[in-house]
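Residue strings, one per chain:
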Amino acid sequence: QVQLVESGGGLVQPGGSLRLSCAASGIIFSIYNMGWYRQAPGKQRELVATRTSGGNTNYADSVKGRFTISREPAKNTVYLQMNSLKPEDTAVYYCNAVHRRRPEYEYWGQGTQVTVSS
């Protein structure tokens, strides 16, 4: 059974930082591309950042220079370091895993809330 378990969300003031974690189980972590998406109230889910199994990264323009995605293969974990947070970063953040050659094998975490407010 595949599980993606996110943690690290919470309430932070504008300009602050948070680090999200996503622990994966039930998959061969090294052959999955991992990503973070977010969904704000009343909006569609959008890509935040992805990191392929080969190490290539991709970021939404809105988070470039502020967010960093990384992987720790020994722990089957992907992280999202978020700095200089803005109120518009408020959303539920979801972890995503997609098989690097079989995109039909795609999985989602349950989401973690990030709220940026003073």
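Since this is a predicted model, take the numbers as computed values, not measurements. (Residues numbered from 1 in each chain as written. Predicted model: local features only at pLDDT ≥ 70, side-chain atom pairs only at ≥ 80, totals over all residues. Heavy atoms only, no water.)

A. Summary view of the packing of aromatic side chains. In the structure shown here, the tally under the stated rule is two aromatic pairs. Relative to tyrosine 107, the ring of tyrosine 32 has its centre 6.2 Å away and its plane inclined at 45°; by these criteria the two rings are tilted. Residue tyrosine 32 is located in strand S4 (residues 32-39), and its partner tyrosine 107 is located in strand S10 (residues 106-108); the two are separated by 75 residues in the primary sequence. Under the relative-accessibility criterion, tyrosine 32 is labelled buried at 6%. (Phe/Tyr/Trp six-rings, centres within 6.5 Å; stacked < 30°, edge-to-face > 60°. Helix = DSSP H or I, 4+ residues; strand = E, 2+ residues; numbered from the N terminus. Buried < 20%, exposed > 50% of the residue type's maximum accessible area, 1.4 Å probe, protein only.)

B. Inspection of the state of the cysteines at higher detail. Scanning the entire structure with this criterion turns up one disulfide. A sulfur-sulfur distance of 2.1 Å marks the disulfide that ties cysteine 22 to cysteine 95. An S-S torsion of about -80° defines the bridge between cysteine 22 and cysteine 95 as left-handed. Of this pair, cysteine 22 sits in strand S3 (residues 18-25) while cysteine 95 is found in strand S9 (residues 91-99), placing the two residues 73 residues apart along the sequence. (Disulfide = S-S within 2.5 Å.)

C. Region of interest: the nonpolar core. Met34, Trp36, Val48, Phe67, Leu80, Met82 and Tyr93 are the most contacted members of the largest nonpolar core, which has 29 residues in total. Residue assignment for this core shows that the elements contributing at least two residues are S3, S4, strand S5 (46-51), strand S7 (67-72), strand S8 (77-82), S9 and strand S11 (112-116). Not counting chain neighbours up to four residues away, the residues in contact with phenylalanine 67 comprise Arg38, Val48, Tyr59, Leu80, Gln81, Met82, Asn83, Leu85, Asp89 and Tyr93. (Core = buried A, V, L, I, M, F, W, Y, C linked by side-chain atoms within 4.5 Å. Contact = heavy atoms within 4.5 Å.)

D. Focus on the sheet that holds S7. Read across the open sheet, the four strands follow the order S1-S3-S8-S7; overall the sheet is antiparallel. Where the open sheet ends on each side, the last strands, each with one partner, are strand S1 (3-7) and S7. Strand-to-strand twist across the sheet, computed as the mean angle between neighbouring axes with direction ignored, equals 15°. (Pairing = 2+ DSSP bridges. Axes fitted to C-alpha atoms, helices over the stretch in contact; angles between N-to-C directions.)

E. Region of interest: the pairing of S11. Of the two faces of S11, only one is covered, namely that formed by Thr112, Val114 and Val116; the face formed by Gln113 and Thr115 stays uncovered. With three bridges connecting them, strand S2 (residues 10-12) and S11 associate as parallel partners. Opposite leucine 11, over in S11, you have threonine 115 as the bridge partner. Summarising the sheet, S9 and S11 pair through three bridges and their orientation is antiparallel. Residue pairing in the sheet places alanine 91 in a bridge with valine 114 of S11.

F. A look at the environment of methionine 82. Mapping methionine 82 onto the fold places it in strand S8. Exposure remark for methionine 82: the relative accessible area of 0% places this residue in the buried category. Sequence separation of methionine 82 and glutamate 104 is 22 residues, and the distance between their C-alpha atoms is 29 Å. Methionine 82 has contacts with Gly16, Ser17, Leu18, Leu20, Arg66, Phe67, Tyr93 and Val114, leaving out every residue within four places of it along the chain.

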